[in-house]
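Chain by chain, the residues:
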Amino acid sequence: MLHTLHRSAWLTDFSSLLRLVGADDELLLLQDGVIAAIEGSRFLETLRNASIKVYVLEEDIKARGLDGQISDSVVRVSYTDFVRLTVKHPNQMAW
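Fair warning: this is a prediction, and the values are worked out from it, not measured in the lab. (Residues numbered from 1 in each chain as written. Predicted model: local features only at pLDDT ≥ 70, side-chain atom pairs only at ≥ 80, totals over all residues. Heavy atoms only, no water.)

Draft legend 1. Molecular detail of the pattern of salt bridges. One pass over the full model with this rule turns up eight salt bridges. Here Arg84 and Asp81 are joined by a salt bridge, their closest N and O atoms 3.0 Å apart. Of this pair, Arg84 and Asp81 both sit in helix α4 (residues 79–88), three residues apart, which is roughly one turn of that helix. The exposure class of Asp81 is partly exposed, given its relative accessible area of 25%. (Salt bridge = Lys/Arg side-chain N within 4 Å of Asp/Glu carboxyl O. Helix = DSSP H or I, 4+ residues; strand = E, 2+ residues; numbered from the N terminus. Buried < 20%, exposed > 50% of the residue type's maximum accessible area, 1.4 Å probe, protein only.)

Draft legend 2. Examining the packing of aromatic side chains more closely. Applying the stated criterion across every chain, the model contains two aromatic pairs. Both rings, one in Trp10 and one in Phe43, keep their centres 4.8 Å apart while their planes meet at 90°; by these two values the pair is edge-to-face. Remark: Phe43 occurs in helix α2 (residues 42–50) and Trp10 occurs in the loop between β1 (2–5) and α1 (14–20); sequence separation between them is 33 residues. Taking the relative accessible area as the measure of exposure, Phe43 reaches 5% and is therefore buried. When the centroid spacing of 4.9 Å and the interplanar angle of 70° are considered together, the rings of Phe14 and Phe43 count as edge-to-face. In this pair, Phe14 is assigned in helix α1 and Phe43 in helix α2, connecting sequence segments 29 residues apart. Across the pair, Phe43 and Phe14 agree in class, each one buried. By the ring-pair criterion, three or more aromatic residues cluster together here, those being Trp10, Phe14 and Phe43. (Phe/Tyr/Trp six-rings, centres within 6.5 Å; stacked < 30°, edge-to-face > 60°.)

In short, shape yes, function no, at least from these values alone.
This is the structure:
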């Protein structure tokens, strides 16, 4: 399943998101969700400990002026990659 976080992690039930992410699931951070990928944030540390694959939409990083603040531990993706993720995961959960 592909989980997409489009709101700030501060405005999301982040603990529920983590409970529902399965071993083969992936998480895409987009819109204000990219804030969770800022290096040093508590949300990023939680995601690292969850051992899930995390992607972040490059265009939304740039739109928010966060290019130099996003951790290298997340995979930056384009809109084309976003489409590939949706094809790979027919089931999705939006947060």
